[in-house]
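Report on the structure
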Amino acid sequence: MFTENAVKLGIAPIGWTNDDMPELGKENTFEQCISEMSLAGFIGTEVGNKYPRDTKVLKKALDLRGMEIASAWFSSYLTTKPFEETEKAFIEHRDFLLELGAEVIVVSEQGRSIQGDMNVPLFDEKPVFTNEEWIKLAEGLNKLGRLANEKNMSLVYHHHMGTGVQTAKEIDQLMSMTEEDFVSLLYDTGHLYFSGEDPLEILKRHLKRIKHVHLKDVREEVAEKVKDKKMSFLVGVREGVFTVPGDGNIDFTEIFICLSNSAYKGWLLVEAEQDPAKANPFEYALIARQYIKETAGV
Ligand SMILES: O=C1C[C@@H](O)[C@H](O)[C@@H](O)C1=O
Ligand SMILES: [Co+2]
């Protein structure tokens, strides 16, 4: 389905050790994590909290396994902190990724985010940005995107549950308020489905802006439970709302067809945070790899 070399397959470390809840998978080492990724047939990864920060050490460990860095998450606070603070941290993050050879920088606005609050009900209390916050966010992202472009890199914005950019309407608003030369979109299937959106519809609508893909599946019955029982995002993750493609309720067939028929070039990165004590990360990486082979032909 995908033409040769159009996409690269990666997997995030969050199934092995969870940066948002470091107690999940604390026993799994960095070396085990990247070895199992490679053994399961992936050639890339994003940076997790156990990865060495020394780029030479990190690159050597990855090179030994034929792996590379696709990107790493950056939390912006454009709506709540002075721009200069976010700018300084962003430049450091950009330069770290540049040294590692990454081409995209994942950015998610965390001003008033509830994604890290263990006890705040996800569906009742997500932030809704005011006009003033939207303007700060859009203007700030345009500036950060310019800084990314200076190094031939792209800023890819991560819409996320529990943040001010979660729903289809909010994604549309962000895309319309930012400049396409500076702000691209990270398409995360799991966050869209969990939010109650149609991932395929968003893909078709913003295809031209999408420069990075997170493949996450959702267990529908757990998503319903999170909503009904007013659980937080993190409790939902612990309960198993997310899983690897092929193991949940999203049918990726049309998604892969749409991406492969487009000009998309870049990473398809499996990202399925769940409790590694319940879902063995290596076993689930193999399930994902097999599903992608069968469904996307790569
Ligand atoms: O890209 C992501 C990074 C994680 O830290 C986050 O919580 C997860 O849900 C995600 O999509
Ligand atoms: Co993601």
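Below you will find a few notes about this structure. (Residues numbered from 1 in each chain as written. Chains lettered and ligands numbered in written order. Predicted model: local features only at pLDDT ≥ 70, side-chain atom pairs only at ≥ 80, totals over all residues. Heavy atoms only, no water.)

What follows is about unusual backbone geometry. Where the residue is not glycine, phi is negative for most of them; where a peptide bond is considered, it is trans in most cases. With a phi angle near 60°, Arg112 is a residue other than glycine that sits in the positive phi range. Secondary-structure assignment places Arg112 in the loop between strand S5 (104–109) and helix H4 (131–149). Phi angles above zero are rare outside glycine, and Asn152 is one such case at about 60°. Along the chain, Asn152 falls in the loop between H4 and strand S6 (154–158). (Helix = DSSP H or I, 4+ residues; strand = E, 2+ residues; numbered from the N terminus.)

Taken together, 13 residues surround ligand 1, and among them Asp20, His158, His191, Glu271 and Glu273 come closest. In the model, an oxygen atom of ligand 1 is placed 3.3 Å from a nitrogen or oxygen of the His214 side chain. At 2.5 Å from an oxygen atom of ligand 1 is found a side-chain nitrogen or oxygen belonging to Glu271. Contact with the protein chains hides 94% of the accessible area of ligand 1, taken as 290 Å² for the molecule alone. Counted by class, the shell around ligand 1 contains three nonpolar, five polar and five charged residues. (Near = heavy atom within 4 Å. Polar contact = N/O pair within 3.5 Å; in protein donor to acceptor, adjacent residues only side chain to side chain. Areas by Shrake-Rupley, 256 points an atom, 1.4 Å probe, with all protein chains shown as cover. Nonpolar A, V, L, I, M, F, W, Y, C, P; charged D, E, K, R; others polar.)

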